[in-house]
Amino acid sequence: MKEELKATGPEVSHAQSYKGRLNIYVCDECHGHIVTVDKDDGVTPFMIGCEAKGCKAIMKSSFYRVFDQSMAPTHEWYRPTEPEIATLQRGAADHVRQGGLMLRRCDGAPMKHPLTRR
Ligand SMILES: [Zn+2]
């Protein structure tokens with residue numbers, strides 16, 4: 001399959017806003033899942049490290065195909081403030097500066113994978 005790349009400038013992934021939308025990430029291995037909500041505009045990854053205890057697999061996005069929008073989110077995607085970005089590791093800071101959002105738990109408990117992954 002051949003795809004033509006078009007020059008669209010540096011900002012390419014902001015065609016659609018998912019602010020306020022729920023998404024579900026599901027693990028193929030342990031079938032654990034988390035419900036996320038986008039608190040800010042930005043890009044979220046397709047895959048994240050599984051948040052289930054003891055599982056080293058990957059959770060995959062459901063692409064915002066969430067039928068029950070009244071579900072309570074367990075995690076939220078947010079845009080860190082500039083002082084917060086300054087404390088991030090370089091990979092995470094680059095991700096945020098390129099429009100990526102960070103993930104945190106709604107209950108404030110620490111994440112198993114505190115930084116978003118590629
Ligand atoms: Zn898992």
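All values reported here derive from a predicted model rather than from experimental measurement.

**Structural notes on the overall build of the protein**
The number of helices and strands found in the protein is 2 helices and 6 strands. Ordered by position from N to C terminus, the α and β elements of the protein give β-β-β-β-β-α-α-β. In the protein, which comprises 118 residues, the proportion classed as buried is 18%. Once local pairs closer than 6 in sequence are excluded, the contacts in the protein between residues at least 24 apart make up 62%.

**Some words on the sheet that holds strand β4 (residues 58-61)**
Pairing is mixed across the open sheet formed by 6 strands, whose spatial order is β3-β4-β1-β2-β5-β6. Here the strands that pair on one side only, and so sit at the sheet edges, are β3 (47-49) and β6 (102-105). Adjacent strand axes in the sheet meet at a mean angle of 30°, parallel and antiparallel pairs treated alike. Relative to strand β5 (residues 75-78), strand β2 (residues 33-38) is paired through 3 bridges, and the arrangement is parallel. The partner of aspartate 38 across the bridge, within β5, is tryptophan 77.

The rules we used
- Residue numbers restart at each chain and count upward from 1, following the sequence in its written direction.
- In keeping with the model being predicted, local features are shown solely for residues with a pLDDT of at least 70 and side-chain atom pairs are shown and tallied solely at 80 or more, while totals for entire chains, interfaces and linings include all residues.
- Secondary structure elements are defined from DSSP: runs of H or I of at least 4 residues count as helices, runs of E of at least 2 residues count as strands, and each element is numbered from the N terminus.
- Note on burial: count the other C-beta atoms lying within 10 Å of the residue's C-beta; 20 or more is buried, 12 or fewer is exposed, in between is partly exposed, and C-beta positions come from the backbone.
- Working definition of a contact: two residues with C-beta atoms, positioned from the backbone, lying within 7 Å.
- Whether two strands pair comes down to DSSP finding at least two bridges between them.
- All axes are obtained by fitting lines to C-alpha atoms, using only the stretch in contact for helices, and the reported angles, taken between N-to-C directions, cover 0 to 180 degrees.

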